[in-house]
Amino acid sequence: MRVLRLVLMLASAFALGGCRDAPSPIPPPADADSPAHTPSASVADSLGAEAAADVVRRYYAAIDARDYRRAYARWGEGGPADGQTYDAFAAGFTETASVAAEVGLPSDPEGAAGSIFVTVPVIVRARTTSGDDQTFTGTYTVRRVNDVPGATPAQLRWHLESADLRPSR
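Below: a short report on this structure. A quick note: this is a predicted structure, and the numbers were derived from the prediction, not measured.

1. Section: the overall build of the chain
- When helices and strands are counted, the chain shows 4 helices and 5 strands.
- Start at the N end of the chain and walk to the C end: the helices and strands fall as α-α-α-α-β-β-β-β-β.
- Relative to its full complement of 169 residues, the chain shows a buried share of 45%.
- Restricting to contacts in the chain with at least 6 residues of sequence separation, those with at least 24 account for 64%.
- Carbon and sulfur atoms form 54% of the exposed surface of the chain, whose accessible area is close to 8,300 Å².

Set out below in structure tokens:
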């Protein structure tokens, strides 16, 4: 049951915990990267696909550092797309001992309905506090509003829109 619970949480991209025993292969963010940053303040705000992939890297770096507030803020509207509260999000990491993520090559940016979307493939390797190793593969959809008049700095920032992670066999 514990493994199923972790699988379901990872599939929602909310059960990945920080690594305290080994260094993360993902570099920590170089900036404060708060939602209040202006569009020119961070690589995460540029239009390119690599900037969108960087959001996924920074998400895992924040989780690795157990900075769940920063990780939570990587999602649109200041939190996960499923409406999960910050407390529920942070609590989802209690049974995860470590995590490492390999971010693949992002798709080319695609526009739709005034937004830009990029699909970012990822392989996640997690270890539970009970010592079970698990691997998940899938994608994140990263989104930002196109440069339209009236868009706020928060709307112009790349953010996680959705995740589709599945256990690997």
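2. Looking at helix α2 (residues 49–64)
- Look at α2: 23 Å from first C-alpha to last across 16 residues, which is about the 22 Å you get at 1.5 Å a residue.
- Of all 16 residues in α2, 14 are buried; the element is thus mostly enclosed.
- Just downstream of α2 lies Arg66, where phi reads positive at about 60°.

3. Remarks on the pairing of strand β3 (residues 115–128)
- Pairing of strand β1 (residues 96–103) with β3, which is carried by 7 bridges, proceeds in the antiparallel orientation. Bridge assignment links Glu102 to a residue of β3, and that residue is Ile123.
- For strand β2 (residues 110–112) and β3, the ladder comprises 3 bridges, and the chain directions are antiparallel. Bridge pairing links Ala112 to Ser115 in β3.
- Count of turn residues in the β2/β3 antiparallel hairpin: 2 residues, of which Ala113 carries a positive phi of about 50°.
- From the end of β3 to the start of strand β4 (residues 133–145), which pair antiparallel, there are 4 residues, and Gly131 there has a positive phi angle of about 95°.

4. Description of the pattern of salt bridges
- Following the criterion strictly, the structure yields 8 salt bridges and no others.
- With a closest N to O distance of 3.9 Å, Arg125 and Glu102 form a salt bridge. Separated by 23 residues along the polypeptide, Arg125 in strand β3 and Glu102 in strand β1 bring together distant segments of the chain.
- The salt bridge involving Glu161 is made with Arg143; its shortest N-O contact spans 3.9 Å. A residue pair is termed long-range when its members are at least 10 positions apart, and Glu161 in strand β5 (residues 159–167) and Arg143 in strand β4 qualify at 18 residues.
- Residue classification places Arg143 among the partly exposed positions, given a relative accessible area of 22%.

5. Overview of the packing of aromatic side chains
- Counted by the stated rule, this structure contains 9 aromatic pairs.
- Ring centres of Tyr72 and Tyr86 lie 5.6 Å apart, and the angle between their planes is 85°; on these two criteria the pair is classed as edge-to-face. Note that Tyr72 is positioned in helix α3 (residues 68–73) and Tyr86 in helix α4 (residues 86–91), a separation of 14 residues in sequence.
- With a centroid separation of 5.0 Å and 75° between ring planes, the pair formed by Phe89 and Phe93 is classed as edge-to-face. Residues Phe89 and Phe93 agree in their burial class; the two are buried.
- Put simply, the rings of Tyr68, Tyr72, Tyr86, Phe89 and Phe93 pair up and form one aromatic cluster.

6. Quick look at the nonpolar core
- The biggest cluster of nonpolar side chains holds 32 residues, and the ones touching the most others in it are Tyr59, Tyr60, Tyr140 and Val142.
- Listing elements by their share of this core, those giving two or more residues are α2, α3, α4, β1, β3, β4 and β5.
- Ranked by the residues each element gives to this core, the list is headed by α2, at 10 residues.
- Apart from the residues within four sequence positions on either side, Val142 is in contact with Ala52, Val55, Val56, Ile116, Phe117, Val118, Val120, Trp158, His159, Leu160 and Glu161.

Rules used throughout
- Residues numbered from 1 in each chain as written.
- Predicted model: local features only at pLDDT ≥ 70, side-chain atom pairs only at ≥ 80, totals over all residues.
- Heavy atoms only, no water.
- Helix = DSSP H or I, 4+ residues; strand = E, 2+ residues; numbered from the N terminus.
- Buried < 20%, exposed > 50% of the residue type's maximum accessible area, 1.4 Å probe, protein only.
- Contact = heavy atoms within 4.5 Å.
- Areas by Shrake-Rupley, 256 points an atom, 1.4 Å probe, with all protein chains shown as cover.
- Expected span 1.5 Å × (residues − 1).
- Pairing = 2+ DSSP bridges.
- Salt bridge = Lys/Arg side-chain N within 4 Å of Asp/Glu carboxyl O.
- Phe/Tyr/Trp six-rings, centres within 6.5 Å; stacked < 30°, edge-to-face > 60°.
- Core = buried A, V, L, I, M, F, W, Y, C linked by side-chain atoms within 4.5 Å.

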